[in-house]
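Each chain is listed here by its residues.
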Amino acid sequence: MTHSVAVIGGDGIGPEVVAEALKVVAASGVDLDTTHYDLGGARYLRDGTILPDEVLDELRDFDAILLGAVGTPEVPPGVIERGLLLKMRFALDQYVNLRPFLHEPAGVDLVVVRENTEGAYAGEGGFLRKGTPHEVATQGSVNTRMGVERCVRFAFDLASGRPARHLTLVHKTNVLTFAGDLWQRTFDEVGVDHPEVATAYDHVDAACIHLVADPGRYDVIVTDNLFGDILTDLAGAVSGGIGVAASANLNPDRTAPSMFEPVHGSAPDIAGTATANPVAAILSAAMMLDFLGEADAAARIRTACTKVADASRSVSTSDIGDRVAELV
Ligand code: ATP
(Lines give C-alpha, C1' and ligand atoms only; values in the text may rest on other atoms or scores of the structure.)
Protein backbone atom coordinates (compact mmCIF):
# COMPACT_ATOMS: atom_id res chain seq x y z
CA MET A 1 0.00 0.00 0.00
CA THR A 2 1.30 3.47 -0.92
CA HIS A 3 0.87 6.36 1.50
CA SER A 4 0.69 9.93 0.21
CA VAL A 5 2.92 12.24 2.22
CA ALA A 6 3.44 15.99 1.97
CA VAL A 7 7.07 16.81 2.73
CA ILE A 8 8.06 20.24 4.05
CA GLY A 9 11.85 20.20 4.41
CA GLY A 10 11.85 23.84 5.48
CA ASP A 11 14.96 25.78 6.45
CA GLY A 12 18.51 25.18 7.67
CA ILE A 13 19.10 21.56 8.58
CA GLY A 14 15.41 20.71 7.94
CA PRO A 15 15.85 19.50 4.34
CA GLU A 16 19.10 17.72 5.28
CA VAL A 17 17.53 15.59 8.02
CA VAL A 18 14.28 14.97 6.13
CA ALA A 19 16.25 13.56 3.20
CA GLU A 20 17.78 10.98 5.56
CA ALA A 21 14.37 10.17 7.05
CA LEU A 22 12.95 9.50 3.58
CA LYS A 23 16.00 7.40 2.71
CA VAL A 24 15.41 5.22 5.78
CA VAL A 25 11.66 4.86 5.11
CA ALA A 26 12.43 3.74 1.56
CA ALA A 27 14.90 1.18 2.92
CA SER A 28 12.25 -0.13 5.32
CA GLY A 29 10.16 -1.22 2.35
CA VAL A 30 7.27 1.17 2.98
CA ASP A 31 6.12 2.90 -0.19
CA LEU A 32 5.51 6.66 0.08
CA ASP A 33 4.16 8.90 -2.64
CA THR A 34 5.81 12.20 -1.65
CA THR A 35 5.05 15.76 -2.74
CA HIS A 36 7.56 18.40 -1.68
CA TYR A 37 6.41 21.85 -0.58
CA ASP A 38 8.78 24.81 -0.53
CA LEU A 39 7.67 26.58 2.67
CA GLY A 40 9.44 28.22 5.59
CA GLY A 41 11.56 31.25 6.38
CA ALA A 42 13.56 31.24 3.14
CA ARG A 43 10.40 31.14 1.04
CA TYR A 44 8.88 33.95 3.12
CA LEU A 45 11.96 36.10 2.58
CA ARG A 46 11.86 35.39 -1.15
CA ASP A 47 8.23 36.20 -1.92
CA GLY A 48 6.29 36.78 1.31
CA THR A 49 4.52 33.41 1.19
CA ILE A 50 3.97 31.60 4.51
CA LEU A 51 1.08 29.11 4.20
CA PRO A 52 -1.58 30.17 1.70
CA ASP A 53 -5.09 28.81 2.25
CA GLU A 54 -4.95 26.98 -1.11
CA VAL A 55 -1.85 25.09 0.02
CA LEU A 56 -3.47 24.31 3.36
CA ASP A 57 -6.43 22.85 1.46
CA GLU A 58 -4.06 20.74 -0.65
CA LEU A 59 -2.41 19.42 2.51
CA ARG A 60 -5.78 18.09 3.73
CA ASP A 61 -5.70 15.45 1.02
CA PHE A 62 -2.48 13.75 2.15
CA ASP A 63 -2.26 10.81 4.52
CA ALA A 64 0.43 12.58 6.56
CA ILE A 65 2.82 15.53 6.59
CA LEU A 66 6.56 15.16 7.30
CA LEU A 67 8.32 18.37 8.31
CA GLY A 68 12.02 19.10 8.88
CA ALA A 69 12.26 22.50 10.55
CA VAL A 70 11.16 25.99 9.65
CA GLY A 71 12.56 29.38 10.61
CA THR A 72 15.49 31.60 9.73
CA PRO A 73 17.21 34.24 11.86
CA GLU A 74 16.30 37.00 9.36
CA VAL A 75 12.55 36.50 9.91
CA PRO A 76 11.14 38.13 13.06
CA PRO A 77 10.16 35.62 15.76
CA GLY A 78 6.56 34.41 15.58
CA VAL A 79 5.94 35.00 11.87
CA ILE A 80 6.63 31.45 10.72
CA GLU A 81 5.63 29.82 14.02
CA ARG A 82 2.18 31.41 13.99
CA GLY A 83 1.69 31.63 10.23
CA LEU A 84 2.78 28.09 9.39
CA LEU A 85 3.17 25.71 12.34
CA LEU A 86 0.32 26.96 14.54
CA LYS A 87 -1.93 27.64 11.55
CA MET A 88 -1.45 24.05 10.40
CA ARG A 89 -1.97 22.59 13.89
CA PHE A 90 -5.19 24.52 14.42
CA ALA A 91 -6.62 24.15 10.90
CA LEU A 92 -5.90 20.41 10.73
CA ASP A 93 -7.04 19.98 14.35
CA GLN A 94 -3.83 18.26 15.40
CA TYR A 95 -4.87 18.41 19.03
CA VAL A 96 -2.29 16.06 20.50
CA ASN A 97 1.41 16.75 20.48
CA LEU A 98 3.05 13.43 21.22
CA ARG A 99 6.68 13.29 22.27
CA PRO A 100 8.28 9.97 23.28
CA PHE A 101 11.55 9.86 25.18
CA LEU A 102 13.56 6.66 25.45
CA HIS A 103 17.05 6.66 26.92
CA GLU A 104 17.95 3.52 28.77
CA PRO A 105 21.22 4.80 30.34
CA ALA A 106 19.26 7.55 32.12
CA GLY A 107 16.31 5.28 32.95
CA VAL A 108 13.97 7.29 30.73
CA ASP A 109 11.02 5.62 28.98
CA LEU A 110 8.20 8.10 28.89
CA VAL A 111 5.77 9.81 26.56
CA VAL A 112 4.48 13.35 26.94
CA VAL A 113 0.97 14.03 25.65
CA ARG A 114 0.76 17.78 25.22
CA GLU A 115 -2.50 19.54 24.40
CA ASN A 116 -1.76 21.24 21.09
CA THR A 117 -4.57 23.64 20.15
CA GLU A 118 -5.49 25.59 23.28
CA GLY A 119 -3.91 27.02 26.43
CA ALA A 120 -1.62 30.02 26.26
CA TYR A 121 -0.83 29.36 22.59
CA ALA A 122 -4.41 29.83 21.38
CA GLY A 123 -3.72 33.48 20.54
CA GLU A 124 -6.21 34.97 22.98
CA GLY A 125 -5.38 38.47 24.19
CA GLY A 126 -4.08 41.71 22.80
CA PHE A 127 -2.60 45.12 23.46
CA LEU A 128 -4.11 48.25 24.90
CA ARG A 129 -2.35 51.60 24.50
CA LYS A 130 0.49 49.87 22.66
CA GLY A 131 3.72 51.82 22.52
CA THR A 132 2.75 54.21 25.32
CA PRO A 133 4.03 54.20 28.91
CA HIS A 134 0.65 52.79 29.93
CA GLU A 135 0.79 49.84 27.57
CA VAL A 136 -1.11 46.71 28.58
CA ALA A 137 -0.58 43.24 27.09
CA THR A 138 -2.80 40.29 27.95
CA GLN A 139 -2.31 36.69 26.83
CA GLY A 140 -5.01 34.40 28.10
CA SER A 141 -4.95 30.64 28.47
CA VAL A 142 -7.92 29.04 26.74
CA ASN A 143 -9.07 25.72 28.20
CA THR A 144 -12.28 24.13 26.97
CA ARG A 145 -13.86 21.05 28.46
CA MET A 146 -13.97 19.49 24.99
CA GLY A 147 -10.32 20.32 24.28
CA VAL A 148 -9.04 19.10 27.64
CA GLU A 149 -11.16 15.97 27.63
CA ARG A 150 -10.16 14.73 24.19
CA CYS A 151 -6.50 15.18 25.07
CA VAL A 152 -6.88 13.47 28.45
CA ARG A 153 -8.81 10.59 26.86
CA PHE A 154 -6.03 10.11 24.32
CA ALA A 155 -3.49 10.00 27.17
CA PHE A 156 -5.48 7.40 29.15
CA ASP A 157 -5.89 5.24 26.04
CA LEU A 158 -2.17 5.48 25.37
CA ALA A 159 -1.22 4.66 28.97
CA SER A 160 -3.64 1.73 28.96
CA GLY A 161 -1.71 0.12 26.09
CA ARG A 162 1.73 0.47 27.68
CA PRO A 163 3.23 -2.08 30.09
CA ALA A 164 3.49 0.31 33.05
CA ARG A 165 -0.09 1.66 32.66
CA HIS A 166 0.69 4.84 34.54
CA LEU A 167 -0.46 8.39 33.78
CA THR A 168 0.62 11.60 35.49
CA LEU A 169 -1.23 14.89 35.11
CA VAL A 170 1.19 17.83 35.23
CA HIS A 171 -0.23 21.30 35.87
CA LYS A 172 -0.10 24.07 38.45
CA THR A 173 -3.48 23.57 40.07
CA ASN A 174 -2.53 25.36 43.28
CA VAL A 175 -2.05 28.70 41.49
CA LEU A 176 -3.86 28.35 38.16
CA THR A 177 -7.03 27.51 40.04
CA PHE A 178 -9.51 27.87 37.15
CA ALA A 179 -7.71 26.08 34.34
CA GLY A 180 -6.10 23.68 36.80
CA ASP A 181 -9.47 22.80 38.29
CA LEU A 182 -10.90 22.01 34.85
CA TRP A 183 -7.91 19.82 34.02
CA GLN A 184 -7.97 17.97 37.36
CA ARG A 185 -11.73 17.36 37.29
CA THR A 186 -11.59 16.15 33.71
CA PHE A 187 -8.62 13.92 34.51
CA ASP A 188 -10.43 12.39 37.50
CA GLU A 189 -13.66 11.85 35.56
CA VAL A 190 -12.02 10.26 32.52
CA GLY A 191 -9.94 8.13 34.89
CA VAL A 192 -13.12 6.44 36.13
CA ASP A 193 -13.40 4.86 32.68
CA HIS A 194 -9.82 3.54 32.98
CA PRO A 195 -9.48 1.71 36.31
CA GLU A 196 -6.54 -0.24 34.81
CA VAL A 197 -4.40 2.93 34.63
CA ALA A 198 -2.68 4.11 37.82
CA THR A 199 -2.69 7.90 38.10
CA ALA A 200 -0.63 10.63 39.75
CA TYR A 201 -0.42 14.40 39.79
CA ASP A 202 2.66 16.67 39.88
CA HIS A 203 2.94 20.43 39.86
CA VAL A 204 4.95 21.50 36.82
CA ASP A 205 7.85 22.90 38.87
CA ALA A 206 8.14 19.64 40.79
CA ALA A 207 7.94 17.72 37.51
CA CYS A 208 11.03 19.62 36.29
CA ILE A 209 12.98 18.39 39.30
CA HIS A 210 11.72 14.81 38.94
CA LEU A 211 12.50 14.72 35.21
CA VAL A 212 16.12 15.46 36.02
CA ALA A 213 16.49 13.58 39.31
CA ASP A 214 14.16 10.60 38.89
CA PRO A 215 12.75 10.37 35.34
CA GLY A 216 11.94 6.67 35.84
CA ARG A 217 8.87 7.66 37.87
CA TYR A 218 7.12 8.73 34.67
CA ASP A 219 5.39 6.57 32.07
CA VAL A 220 2.86 8.84 30.33
CA ILE A 221 2.51 12.53 31.20
CA VAL A 222 -0.45 14.62 30.09
CA THR A 223 -0.25 18.38 30.29
CA ASP A 224 -1.30 21.64 28.67
CA ASN A 225 0.25 23.39 25.69
CA LEU A 226 2.66 25.74 27.49
CA PHE A 227 3.84 23.34 30.20
CA GLY A 228 4.20 20.61 27.59
CA ASP A 229 6.37 22.77 25.38
CA ILE A 230 8.80 23.46 28.20
CA LEU A 231 8.73 20.00 29.82
CA THR A 232 9.50 18.27 26.54
CA ASP A 233 12.61 20.37 25.96
CA LEU A 234 13.75 19.39 29.43
CA ALA A 235 12.90 15.73 28.83
CA GLY A 236 14.86 15.90 25.57
CA ALA A 237 17.88 17.29 27.35
CA VAL A 238 17.95 14.41 29.88
CA SER A 239 17.33 11.70 27.30
CA GLY A 240 19.95 11.85 24.62
CA GLY A 241 19.67 15.44 23.47
CA ILE A 242 17.94 17.47 20.83
CA GLY A 243 19.36 15.42 17.97
CA VAL A 244 17.19 12.41 18.82
CA ALA A 245 13.91 13.97 20.06
CA ALA A 246 10.95 13.18 17.77
CA SER A 247 7.39 14.43 17.81
CA ALA A 248 3.99 14.00 16.24
CA ASN A 249 1.17 16.51 15.92
CA LEU A 250 -1.76 14.13 15.82
CA ASN A 251 -5.31 14.44 14.68
CA PRO A 252 -6.36 11.20 16.41
CA ASP A 253 -9.84 11.36 14.85
CA ARG A 254 -8.20 11.33 11.39
CA THR A 255 -10.41 14.10 10.05
CA ALA A 256 -7.23 15.69 8.61
CA PRO A 257 -3.62 14.58 8.23
CA SER A 258 -1.25 14.48 11.19
CA MET A 259 2.15 16.12 11.04
CA PHE A 260 5.45 14.59 12.12
CA GLU A 261 8.59 16.62 12.89
CA PRO A 262 11.77 16.52 14.94
CA VAL A 263 11.63 18.64 18.11
CA HIS A 264 14.72 20.61 17.10
CA GLY A 265 14.66 23.77 15.00
CA SER A 266 16.44 24.71 11.81
CA ALA A 267 19.82 25.08 13.59
CA PRO A 268 21.22 27.72 11.22
CA ASP A 269 24.56 27.53 13.05
CA ILE A 270 25.26 24.06 11.62
CA ALA A 271 23.22 24.14 8.40
CA GLY A 272 25.27 23.02 5.40
CA THR A 273 28.03 21.49 7.53
CA ALA A 274 26.67 17.91 7.30
CA THR A 275 26.92 17.59 11.08
CA ALA A 276 23.20 17.60 11.91
CA ASN A 277 22.00 14.42 13.60
CA PRO A 278 19.14 13.06 11.45
CA VAL A 279 17.96 10.58 14.10
CA ALA A 280 15.22 12.90 15.45
CA ALA A 281 13.80 13.24 11.94
CA ILE A 282 14.15 9.50 11.29
CA LEU A 283 12.33 8.69 14.55
CA SER A 284 9.63 11.22 13.62
CA ALA A 285 9.19 9.36 10.33
CA ALA A 286 8.89 6.13 12.35
CA MET A 287 6.07 7.74 14.37
CA MET A 288 4.46 8.61 11.04
CA LEU A 289 4.68 4.99 9.91
CA ASP A 290 3.11 3.85 13.17
CA PHE A 291 0.20 6.20 12.58
CA LEU A 292 -0.13 4.98 8.98
CA GLY A 293 -0.46 1.38 10.18
CA GLU A 294 3.13 0.35 9.36
CA ALA A 295 4.04 -0.66 12.91
CA ASP A 296 6.51 -3.35 11.85
CA ALA A 297 8.63 -0.99 9.73
CA ALA A 298 8.43 1.66 12.46
CA ALA A 299 9.74 -0.79 15.06
CA ARG A 300 12.61 -1.85 12.79
CA ILE A 301 13.58 1.80 12.26
CA ARG A 302 13.55 2.49 16.00
CA THR A 303 15.73 -0.53 16.69
CA ALA A 304 18.15 0.49 13.94
CA CYS A 305 18.42 3.99 15.42
CA THR A 306 19.41 2.63 18.83
CA LYS A 307 22.23 0.68 17.15
CA VAL A 308 23.77 3.78 15.57
CA ALA A 309 23.25 6.04 18.60
CA ASP A 310 26.84 5.72 19.78
CA ALA A 311 28.30 6.59 16.42
CA SER A 312 26.17 9.63 15.79
CA ARG A 313 28.57 12.23 17.11
CA SER A 314 31.46 11.54 14.83
CA VAL A 315 29.93 10.85 11.43
CA SER A 316 28.11 12.97 8.88
CA THR A 317 24.36 13.41 8.51
CA SER A 318 24.16 11.20 5.43
CA ASP A 319 26.47 8.56 6.94
CA ILE A 320 24.10 8.17 9.87
CA GLY A 321 21.17 7.93 7.44
CA ASP A 322 23.04 5.29 5.45
CA ARG A 323 23.82 3.24 8.55
CA VAL A 324 20.25 3.28 9.78
CA ALA A 325 19.02 2.44 6.28
CA GLU A 326 21.36 -0.57 6.14
CA LEU A 327 20.06 -1.89 9.45
CA VAL A 328 16.28 -1.62 8.91
P1 ATP B 1 14.16 27.12 17.04
O2 ATP B 1 13.71 28.38 17.66
O3 ATP B 1 13.62 26.89 15.66
O4 ATP B 1 13.98 25.92 17.92
P5 ATP B 1 16.91 27.32 17.78
O6 ATP B 1 18.13 27.77 17.03
O7 ATP B 1 16.55 28.00 19.03
O8 ATP B 1 15.71 27.29 16.76
P9 ATP B 1 17.59 24.66 17.30
O10 ATP B 1 17.51 24.99 15.86
O11 ATP B 1 16.91 23.44 17.75
O12 ATP B 1 17.04 25.82 18.17
O13 ATP B 1 19.11 24.60 17.70
C14 ATP B 1 19.55 24.64 19.04
C15 ATP B 1 20.98 24.12 19.08
O16 ATP B 1 20.95 22.71 18.96
C17 ATP B 1 21.82 24.66 17.94
O18 ATP B 1 23.05 25.10 18.43
C19 ATP B 1 22.00 23.51 17.02
O20 ATP B 1 23.27 23.45 16.45
C21 ATP B 1 21.75 22.27 17.89
N22 ATP B 1 20.98 21.28 17.12
C23 ATP B 1 19.66 21.33 16.81
N24 ATP B 1 19.28 20.28 16.10
C25 ATP B 1 20.38 19.50 15.94
C26 ATP B 1 20.64 18.26 15.28
N27 ATP B 1 19.68 17.59 14.62
N28 ATP B 1 21.89 17.78 15.32
C29 ATP B 1 22.86 18.42 15.97
N30 ATP B 1 22.67 19.60 16.62
C31 ATP B 1 21.47 20.15 16.61
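Structure shown above.
Notes on the structure follow. All of these numbers come straight from a predicted model, not from anything done at the bench.

Here the focus is the side chain of aspartate 11. Among the structural elements, aspartate 11 can be located in the loop between strand 1 (2-10) and helix 1 (14-28). Buried charge without a salt bridge: aspartate 11, with arginine 46 as the nearest opposite-charge side chain at an N-O distance of 7.6 Å. Within the structure, aspartate 11 has its side chain in polar contact with the backbone nitrogen of alanine 42 (distance 2.9 Å).

Attention shifts here to unusual backbone geometry. With a phi angle near 50 degrees, arginine 129 is a residue other than glycine that sits in the positive phi range. Inspection of the secondary structure puts arginine 129 in the loop between strand 6 (125-128) and strand 7 (136-139).

Counting buried positions along strand 5 (residues 108-115) yields 7 of 8 residues, so the element is predominantly enclosed. Pairing between strand 4 (residues 96-103) and strand 5: 8 bridges, direction antiparallel. In the sheet register, proline 100 faces strand 5, and the bridge partner there is valine 111. Linking strand 4 to strand 5, which pair antiparallel, is a turn of 4 residues; within it glycine 107 sits at a positive phi near 70 degrees. Relative to strand 10 (residues 220-223), strand 5 runs parallel, the two sharing 4 bridges. Counterpart to valine 112 in the pairing with strand 10 is isoleucine 221.

Taking 1.5 Å of rise per residue, 16 residues should cover 22 Å, and helix 5 (residues 145-160) covers 22 Å from first to last C-alpha, within 8% of that figure. Three or more residues of helix 5 are buried, namely Gly147, Val148, Arg150, Cys151, Val152, Phe154, Ala155, Phe156, Ala159 and Ser160.

Another aspect to go through is the site of the ligand. Near the ligand you find Ile13, Ile242, His264, Gly265, Ser266, Ala267, Asp269, Ile270, Ala276 and Asn277, and these make up its full shell. Between the ligand and the protein, one listed contact pairs an oxygen atom with a backbone N or O atom of alanine 267 at 2.8 Å. If the ligand stood free it would expose 610 Å²; the protein chains cover 57% of that surface. Residues belonging to the shell around the ligand are distributed by class as follows: 5 nonpolar, 4 polar and 1 charged.

The subject of this paragraph is the pattern of salt bridges. The full count for this structure, using the stated rule, is 20 salt bridges. A salt bridge links aspartate 57 to arginine 60, with the nearest nitrogen and oxygen atoms 3.4 Å apart. Its salt-bridge partner being glutamate 149, residue arginine 145 comes within 3.0 Å of it at the nearest N-O pair. In this pair, arginine 145 and glutamate 149 are both assigned in helix 5, 4 residues apart and thus about one turn of the helix distant.

What counts, and where the lines are drawn
For every chain, the first residue of its written sequence is number 1, and the numbers climb from 1 along that sequence. Under the rules for a predicted model, residues below a pLDDT of 70 receive no local features and side-chain atom pairs below 80 are neither given nor counted, while totals for whole chains, interfaces and linings still include all residues. Based on all heavy atoms of the structure, the side-chain values leave hydrogens and waters out of the count. The helix and strand labels rest on DSSP assignments: H or I over at least four residues marks a helix, E over at least two residues marks a strand, and numbering proceeds from the N terminus. Note on classification: 1.4 Å probe, protein chains only; a residue is buried when its accessible area is under 20% of the maximum for its type, exposed when over 50%, partly exposed between these limits. His is not counted, nor are the chain ends, whereas Lys and Arg count as positive and Asp and Glu as negative. Whenever a carboxyl oxygen of Asp or Glu lies within 4 Å of a side-chain nitrogen of Lys or Arg, that contact is scored as a salt bridge. Think of a polar contact as two N or O atoms within 3.5 Å of one another; within protein, one of them needs to be a possible hydrogen donor and the other a possible acceptor, and neighboring residues in sequence only count if both atoms come from side chains. A pair of strands is treated as paired once DSSP finds two or more bridges between them. The span expected for a helix works out to 1.5 Å for each residue beyond the first. It suffices for a single heavy atom of a residue to lie within 4 Å of a molecule or strand for the residue to be listed as near it. Methods summary: accessible areas were calculated by the Shrake-Rupley approach with a probe of 1.4 Å, and residue burial reflects only the protein chains presented. Basically, the charged four are Asp, Glu, Lys and Arg, the nonpolar ten are Ala, Val, Leu, Ile, Met, Phe, Trp, Tyr, Cys and Pro, and anything else, Gly included, counts as polar.

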